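These are the residues of each chain, in order.
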Amino acid sequence: MAAGRLSVPRFAVLFLLMACSMPSPTLAQESSARFTVAGTGLVSLDLNRTTALESGVGDTDQGVVTNFSDSFLLLRLDRQLYTNHRAGMLLGFLFPDAETDLGDVFYNQINVFYDTRTFRGTLGRTRLENFALEFPTLREEDLLEYAFVLNGFSNADNSEFNRYGNVARAELFGLGGRLHVRGQASNWSVTDIEGERQNDFDVNTGSGFLGYQLPHSIRYSGIVREAGVGFQSQKVDLAGGKWLVGLSAGLAVNLSRNPLRNIELRGQVIHNRGVGPNARVDAAAGTLATPMGRALSRSTALVASLRFLRRPYQLDRLQAAATVGYKTFSGVDASQLTLVPNVFFQLGQGVDVGVQYQYESFSGNLAELLGRRRSHSVKFVLVFSFQSMFNDYFGDRDDILNLEHGYIS
Amino acid sequence: MSEEKPEAGVYDRRGFLHAGALGFAGAMVAGNGLDVPKGPAEAVTRAAEAKATDTRGGVRAWPDRPEGWWRHQTPVLSPTQAPVQGIREIELDVRIIRHEIVPGYSFHVLAFNGQVPGPELRLNEGEWVKVYFTNRTELLHTIHWHGVDLQYEQDGVPYTTQHPVMPNATFEYTFQAIPAGTRLYHCHFGTPLHMQHAMHGALIIEPERDPIKEEFGYTRDYTLVLESFATNDSRDDLNFMLERMKQRLWLMKEGLLDDETLAVFETKQALLEAIEAGWDPPYLPNRNQKRERAAQDYNFFAINGKAYPLTEPIMIRRGETIRVRFVNGGGLMHHMHLHGHQFWQVAEDGNVLRSPLQINTISLGPGKTADIVIEGYNPGYWTFHDHDTSRVTNNGMYPGGMLTMLVYEEMDDYDGYHPKIALDE
Ligand SMILES: [Cu+2]
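Not measured: the values here are computed from a predicted model. (Residues numbered from 1 in each chain as written. Chains lettered and ligands numbered in written order. Predicted model: local features only at pLDDT ≥ 70, side-chain atom pairs only at ≥ 80, totals over all residues. Heavy atoms only, no water.)

1. Quick word on the domain arrangement of chain B
All names here are of chain B.
In step 1: Looking at the assigned domains, one finds that chain B contains domain 1 (87-208) and domain 2 (300-413).
In step 2: Distance between the C-alpha centres of domain 1 and domain 2: 24 Å.
In step 3: Facing 21 residues of domain 1, the contacting portion of domain 2 comprises 25 residues.
In step 4: A per-residue breakdown of the area domain 1 buries against domain 2 is headed by Ile101, Val102 and Thr182, which together make up 36% of the total.
In step 5: Seen at the junction of domain 1 and domain 2, the total is zero salt bridges.
In step 6: Of all elements in the fold, only strand S1 (88-102), strand S7 (181-186) and strand S8 (200-206) reach the threshold of two or more residues within the side of domain 1 that touches domain 2.
In step 7: Here the side of domain 1 that touches domain 2 is built from residues that sort into twelve nonpolar, six polar and three charged. (Domains from an automatic or database assignment. Contact = heavy atoms within 4.5 Å. Buried area = accessible area lost by both parts, 1.4 Å probe. Salt bridge = Lys/Arg side-chain N within 4 Å of Asp/Glu carboxyl O. Helix = DSSP H or I, 4+ residues; strand = E, 2+ residues; numbered from the N terminus. Nonpolar A, V, L, I, M, F, W, Y, C, P; charged D, E, K, R; others polar.)

2. Comments concerning unusual backbone geometry
In step 1: Between His197(B) and the following residue, Ala198(B), the backbone shows a cis peptide bond with an omega angle of 5°.
In step 2: When you line up the elements, Ala198(B) lands in the loop between S7 and S8.
In step 3: Cis geometry marks the peptide bond from Tyr308(B) to Pro309(B), where omega comes out at 15°.
In step 4: The residue Asp70(A) is not glycine, and still its phi comes out positive at about 75°.
In step 5: Positionally, Asp70(A) belongs in the loop between strand S2 (61-67) and strand S3 (72-80).
In step 6: Positive phi outside glycine occurs at Tyr159(B), with the angle close to 65°.

3. A few points about the coordination of the copper ion
Residue and element names in this part refer to chain B.
In step 1: Only His141 (ND1), Cys187 (SG) and His194 (ND1) from the protein reach the copper ion as donors, at distances of 2.0 to 2.1 Å.
In step 2: Taken in chain order, the donor set of the copper ion reads H-x45-C-x6-H. Taken as a pair, histidine 141 in the loop between strand S4 (128-135) and strand S5 (144-146) and histidine 194 in the loop between S7 and S8 lie far apart in primary sequence, 53 residues in all. Side by side, histidine 141 and histidine 194 carry an identical accessibility label, which is buried. (Donors = N, O, S within 2.8 Å, 3.2 Å for Na, K, Ca; no water. Buried < 20%, exposed > 50% of the residue type's maximum accessible area, 1.4 Å probe, protein only.)

4. So, the pairing of strand S4 (residues 86-94) of chain A
Residue and element names in this part refer to chain A.
In step 1: The pairing of S3 with S4 spans nine bridges and is antiparallel. In the sheet register, leucine 73 faces S4, and the bridge partner there is phenylalanine 93.
In step 2: Two successive antiparallel strands, S3 and S4, enclose a turn made up of five residues, where asparagine 84 displays a positive phi of approximately 70°.
In step 3: With nine bridges joining them, S4 and strand S5 (residues 106-115) adopt antiparallel strand pairing. Residue pairing across strands places leucine 90 opposite asparagine 111, the latter belonging to S5. (Pairing = 2+ DSSP bridges.)

5. As for the pattern of salt bridges
All names here are of chain A.
In step 1: Counted according to the given criterion, the structure contains 39 salt bridges over all chains.
In step 2: Its salt-bridge partner being aspartate 392, residue arginine 34 comes within 3.4 Å of it at the nearest N-O pair. Separated by 358 residues along the polypeptide, arginine 34 in strand S1 (residues 34-51) and aspartate 392 in the loop between strand S17 (374-390) and helix H7 (400-404) bring together distant segments of the chain. Judged on exposure class, the residue arginine 34 and its partner aspartate 392 are both buried.

6. Some remarks on a nonpolar patch on the surface
Residue and element names in this part refer to chain A.
In step 1: A cluster of nonpolar residues, Leu172, Leu175, Leu179, Val181, Leu210 and Val229, forms a patch on the protein surface that exposes about 500 Å² of accessible area.
In step 2: If you trace the backbone, valine 181 turns up in strand S8 (residues 179-187).
In step 3: For valine 181, a relative accessible area of 33% corresponds to the partly exposed category. (Patch = residues over 30% accessible without salt bridge, like charges linked within 9 Å, V, L, I, M, F, W, Y side chains within 5 Å. Areas by Shrake-Rupley, 256 points an atom, 1.4 Å probe, with all protein chains shown as cover.)

7. Quick look at the interface of chain A and chain B
Many analyses report the size of an interface as the accessible area lost when the parts associate.
In step 1: Counting from both sides, the interface comprises 28 residues of chain A and, opposite them, 29 residues of chain B.
In step 2: A buried area of about 2500 Å², summed over both sides, lies between chain A and chain B, and 53% of it is on carbon and sulfur atoms.
In step 3: Of all residues in chain A, Tyr313(A), Gln314(A) and Leu401(A) give up the largest surface area on contact with chain B, accounting jointly for 27% of the area buried on that side.
In step 4: Along the contact surface separating chain A from chain B lie three salt bridges.
In step 5: Here Glu243(B) ties to Arg219(A) by a salt bridge, and the two come within 3.0 Å at their closest N and O atoms.
In step 6: For the pair chain A and chain B, the interface holds 14 residue pairs in polar contact (both at pLDDT 80 or more).
In step 7: In terms of residue count, H7(A) provides more of the side of chain A that touches chain B than any other element does, four residues in total.
In step 8: Residue composition of the side of chain A that touches chain B, grouped by class: 13 nonpolar, nine polar and six charged. (Polar contact = N/O pair within 3.5 Å; in protein donor to acceptor, adjacent residues only side chain to side chain.)

Here it is in C-alpha cells:
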C-alpha cells in the first residue's frame with residue numbers, strides 16, 4: 001500500500017538502495033532488535049511576571065515566550081540474549097531551556113542495560129533518580145528546587161545537570177514487581193564557579209533507594225500506590241566536609257481506586273544535610289544566591305500534590321492537579337514556596353491541551369539574594385506524545401502475564 | 001474387512017521379493033519404502049479395484065442402507081427435558097498457563113483444564129451431558145459446542161445466548177449429544193484471542209453403529225487438533241485485556257460499570273443514542289489504531305498443542321487401517337497432505353459423506369472437522385503436513401510447525417534410512 005503511493009522513479013531508487021545495502025537473508029540469520037520510539041513535543045506559551053523586592057532593587061521581569069523545553073525523542077532497542085535475558089540501549093535527547101548554555105539539544109539518555117526477571121543493570125547517561133516520587137507538573141523543572149536532591153557539583157543554571165548524569169546502576173525487583181531496590185554509583189555533572197562544565201567524569205556520588213510500587217498495569221489496584229526512601233551521597237570534598245547527603249522519602253496513595261475517576265494524593269520530603277560544620281553555605285561555593293550554594297546548604301523540601309484523573313471508558317481524558325512545594329534552609333531566614341495548579345484535556349490519544357499556573361514566592365535572605373520576591377507564570381500548552389513499538393517479540397517484566405502467570409524468559 | 005485386503009497381499013509379495021534381492025533379513029521389511037513407486041494413479045486404481053462392487057475410482061459406496069440414513073432426525077430437546085438420572089457430568093475450567101510448544105519456546109495461553117488443546121471429550125450419541133465450566137481467569141469466557149444441535153441457550157455465544165461467564169463463576173451447559181461425529185468445543189468470547197490461544201478441543205460423539213467402523217474396520221482412532229498461534233499478538237492482547245478487565249471487575253463490584261465502558265448495549269437503538277451523545281465506539285481509529293490488531297501475525301503452528309519436532313507421530317502397521325479425525329481449532333486454512341498414500345475421506349464437519357472420497361490432501365478451513373481412513377499398504381516413514389508450507393515453520397524457520405509423520409511400526413527393524421530431526425533448512 002505504501003509502495004503504491006510512491007512514484008515509480010523514487011520507488012526504484014529505494015529498491016536499489018535496499019538491494020545494495022541489505023545482506024541476503026539466506027546468508028545471514030539475524031535476530032532483529034525490538035525497536036521502540038517515543039517522544040513528546042511539548043510547547044507552551046509562557047506569560048511570566050516576576051516582582052522585584054522594591055522599585056529599583058532586584059529584577060523585575062515580564063514577558064511572553066514560546067517554550068519548547070523538555071520536548072524529547074527517545075529510542076529504545078533491546079533484544080533477547082542466548083541466556084534468554086535481555087539487553088538493550090536507550091538513546092535520547094531533549095531540548096533544554098533556551099536560557100541555559102547547553103546548546104540546542106542535550107543528550108539525556110545514552111545507556112546500555114541488562115535485564116532479567118529480578119535484575120536490571122544500567123550503564124551510561126540516564127536519569128539520576130534523585131527523588132522518591134514524580135509530581136504532576138507540566139515540566140520536571142517546574143519543581144526542580146523542591147522535588148530533587150540537587151547537584152552540589154554544579155553551579156550551572158539548568159535543570160539537566162540536576163536530573164541526568166552518568167551512572168552505573170543495579171536494581172532488584174521482587175514481590176510481583178512491587179518491591180524495588182536500587183544501588184547506584186554515578187558521576188553528577190561538575191562545573192566551575194561560572195557554571196562551565198568541567199571534564200570531570202569520575203564517580204562522585206553514591207545512592208540507594210528502597211521502594212514499593214504498584215506496577216503501572218495494576219496502578220489502581222491498591223490504596224498504597226508508591227512508597228519509597230532513598231539517599232544520595234555526593235562526595236563534594238570541600239574544606240567543611242567530604243559528603244553532601246540528601247535523604248528523600250515519599251508516599252502516594254489512591255484516594256479513589258475508581259479507574260474512571262482516579263484521585264491520588266502524593267507527598268515527598270527531601271532533607272539535604274548540607275556540608276560543613278554548620279551544614280550551611282560553603283564559603284567557596286558562594287551563597288544561597290547561586291545554584292551550587294543552595295545545593296550545598298542544609299535544607300528541607302516538601303512537595304504534595306492532589307491529582308484527579310477522569311478516564312471515561314478507561315481512556316485518559318482530563319487531568320486536574322494541584323501541587324504545592326515548600327523549602328526552607330536551616331540556620332538562615334530563607335524559604336521558598338510554590339503553588340502549581342494545572343489542568344490538561346486530552347483531545348485524542350497522546351494529544352493534550354492544557355494550562356498551568358505557577359506562583360512562587362521567596363522570603364527572607366533568599367528573596368534578597370535572588371533579588372525577587374514573587375513570580376507568577378501562566379503557561380498555555382499543547383503536548384503531542386507518542387510511543388510505538390516494532391518487532392515486539394518478548395514481554396516485559398511488568399506485564400501482567402509475567403507478574404501474575406509465570407515469567408517467560 | 002482387514003483380512004480381505006488385497007493391497008496387503010500385493011505388498012507382502014512384492015516386499016518379500018525385494019527383501020530377498022537386497023539381502024534384508026526376514027519378511028518384516030516387506031513393503032518398505034524402497035519399492036519402486038508406480039505413481040499415484042496406480043494406487044488410486046488399486047484401491048478402487050479393492051472393492052469389487054466399486055467401479056468409480058476414488059469414490060466408494062457405503063453398504064446398502066435406507067435412503068436418507070445419514071440425515072440426523074432426532075428432535076432437539078431443551079435442558080428441562082433432560083432425564084433426572086444418567087446424565088454424564090464433566091468439569092472444565094480455564095486457566096492461564098505457560099505452554100511449551102517446541103523445546104525452548106513457551107507462551108501464555110488460555111487453556112481448558114490447563115491443557116492445549118483442551119481435553120478430548122468423548123460422548124455417546126443421544127447421551128445427556130452436563131458440563132460445569134469454571135472460569136479461573138480474570139477474563140470473560142463461554143463454551144460453544146460447535147456442530148452440536150442443542151437448545152440455543154446452551155450454545156455459548158456471549159451476549160447472544162448467555163451472559164459471559166464471570167471470573168470464578170461456574171456455568172452449567174446441559175445438552176444431549178447429537179448428532180454423532182467429530183465436532184469441537186471452543187470459547188466464543190473474543191475468539192481471535194480466546195479460541196485460537198488456545199481454548200479449543202475435540203468433541204467426539206460416537207454413534208451406536210458407526211458406518212465408518214463397519215465399512216473400514218479401523219483398529220486405531222487418532223485425533224489431530226490443528227492450531228495456529230500469533231504469540232506476539234496474543235501476549236499483547238492478553239496483557240491489554242487483563243489490565244482492562246481488572247479495572248472493569250472493580251467497577252462491576254462497585255456497581256459503576258456502564259454500558260459505554262463495557263461496550264455492550266441492550267438494543268441497537270441504545271447504541272445509536274450513545275454514539276449520538278458523543279460516545280466513540282472502540283473500533284474507530286481514534287480509539288484503536290494498533291498495529292496488527294485485526295490481522296494476526298501467526299508465528300507458531302501446532303498439532304495437538306505441539307509443533308514439529310514435538311508433534312506425536314501417527315503409528316500404523318502394515319495391513320492395518322486407522323481413522324484420523326482432524327479438528328481445526330485455529331483461525332487459518334490448512335491443507336494436510338500425506339505422502340505415499342491415498343486415504344479415504346469419510347466425514348466432513350462430523351457428518352458421514354454420502355460416499356467416501358479417495359484423496360491425499362485434505363483442506364480444512366477454520367472450525368472445520370474431517371475424518372479420514374488410512375490403509376497401511378506402504379510401510380515407511382511418511383511425512384504428513386500442511387501443504388501451505390509457511391505453516392511448516394517455527395517462528396519463520398522451516399521445518400517446524402504443522403508437521404507430523406505416519407510411521408509404520410515395522411520400521412524399527414529396518415536398517416535403511418531413518419528420519420533425523422532437522423530444524424534449519
Ligand atoms: Cu474465553
